[in-house]
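Listed below, chain by chain, are the residues.
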Amino acid sequence: MAKPASVGSFSVIGSDVVITGDVSASADLHVDGRIEGDIRCASLVQGEGSHIEGAVSAESARLAGSVSGSISARELVILKTARIHGDVHYDALTIEQGADVEGRLAHRTPAEPARMGDGEPKLTLAS
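Computed from a prediction, not measured in an experiment: that's the story for all the values here.

What follows concerns the sheet that holds strand S7 (residues 51-53). Within the open sheet, the 6 strands sit side by side as S2-S5-S7-S9-S11-S13. Their pairing is parallel. Each edge of the open sheet is held by one strand with a lone partner, namely strand S2 (18-20) and strand S13 (100-102). On average, each strand axis in the sheet is tilted by 5 degrees relative to the strand beside it, whichever way the strands run.

Here's what the structure looks like:
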């Protein structure tokens with residue numbers, strides 16, 4: 001029996017692609033191009049040369065390019081090449097040294113308090 005396409009699948013937006021409009025994906029999303037609109041997905045991986053102009057909402061996100069807009073993620077990793085201009089809401093956050101974040105960082109109120117253990121925000125600074 002074949003597995004459904006959505007299990008373990010991901011979508012790639014290549015470096016030569018520009019999307020104007022909101023993007024919603026039930027699969028994982030890898031963005032190397034430019035998106036001018038909001039993104040909602042389970043997991044987002046952003047390439048170094050990519051640009052997102054709009055809000056990002058994901059369970060997990062690994063950002064390496066530029067984002068102009070708010071970000072909300074349960075697990076967020078901001079790499080040293082990232083340039084973020086907007087408010088960031090997170091449950092767990094890792095920021096590499098050299099990343100540029102202009103905006104407010106705010107711990108999200110967890111929907112399930114037991115999920116975070118003691119309820120304290122988790123912040124990790126990567127070297």
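Still more ground to cover, so stick around.
Turning next to the pattern of salt bridges. By the definition in use, this model includes 5 salt bridges. We note a salt bridge from Arg-74 to Glu-59, for which the minimum N-O separation is 2.7 Å. With a gap of 15 residues between them, Arg-74 in strand S10 (residues 71-78) and Glu-59 in strand S8 (residues 56-63) connect regions that are remote in the sequence. Arg-108 serves as the salt-bridge partner of Asp-91, at 3.2 Å between the closest nitrogen and oxygen. Here the residue Asp-91 occupies a position in strand S12 (residues 88-96), and Arg-108 occupies one in the loop between strand S14 (105-107) and strand S15 (122-126), the gap between them amounting to 17 residues. Look at Arg-108 and you get partly exposed, because its relative accessible area is 22%. Because the salt bridges share partners, they merge into one network encompassing Arg-34, Glu-36 and Glu-53.

Checked against the element boundaries, Ser-66 lands in strand S9 (residues 66-68). Here Ser-66 falls in the buried class, since its relative accessible area comes to 19%. If sequence neighbours within four positions are ignored, Ser-66 has contacts with Gln-46, Ser-50, His-51, Ile-52 and Arg-83.

By the secondary structure assignment, Ile-35 is in strand S5 (residues 34-36). For the pair formed by Ile-35 and Ile-13, sequence separation is 22 residues and the distance between their alpha carbons is 9.0 Å. Contacts of Ile-35, omitting those with residues within four sequence positions, involve Ile-13, Ile-19, Gly-21, Val-23, His-51, Ile-52 and Glu-53.

With 25 residues, the main nonpolar core has Leu-29, Leu-44, Leu-63, Ile-71, Leu-76 and Ile-84 as its most contacted residues. At the level of elements, strand S3 (23-25), strand S4 (28-31), strand S6 (39-46), S8, S10 and S12 are the ones that each hand at least two residues to this core. Those residues in contact with Leu-29 that sit more than four places away from it in its chain are Ser-11, Ile-13, Val-23, Ile-39, Cys-41, Ser-43, Leu-44 and Val-45.

Turning next to the side chain of Asp-91. Judged by relative accessible area, which is 0%, Asp-91 ranks as buried. At 3.2 Å, the side chain of Asp-91 and the side chain of Arg-108 are in polar contact.

Taken as a whole, the protein shows an average pLDDT of 86; of its residues, 80% reach a score of 70 or greater. Residue range residues 1-7 is modelled with pLDDT below 50. Its contacts to residues more than four positions away, or to other chains, number 0 contacts. Per-residue pLDDT stays below 50 along residues 112-118; that stretch engages in 8 contacts with residues further than four places along the chain or on separate chains.

Calculation notes
- Residues numbered from 1 in each chain as written.
- Predicted model: local features only at pLDDT ≥ 70, side-chain atom pairs only at ≥ 80, totals over all residues.
- Heavy atoms only, no water.
- Pairing = 2+ DSSP bridges.
- Helix = DSSP H or I, 4+ residues; strand = E, 2+ residues; numbered from the N terminus.
- Axes fitted to C-alpha atoms, helices over the stretch in contact; angles between N-to-C directions.
- Salt bridge = Lys/Arg side-chain N within 4 Å of Asp/Glu carboxyl O.
- Buried < 20%, exposed > 50% of the residue type's maximum accessible area, 1.4 Å probe, protein only.
- Contact = heavy atoms within 4.5 Å.
- Core = buried A, V, L, I, M, F, W, Y, C linked by side-chain atoms within 4.5 Å.
- Polar contact = N/O pair within 3.5 Å; in protein donor to acceptor, adjacent residues only side chain to side chain.
- pLDDT = per-residue confidence, 0-100.

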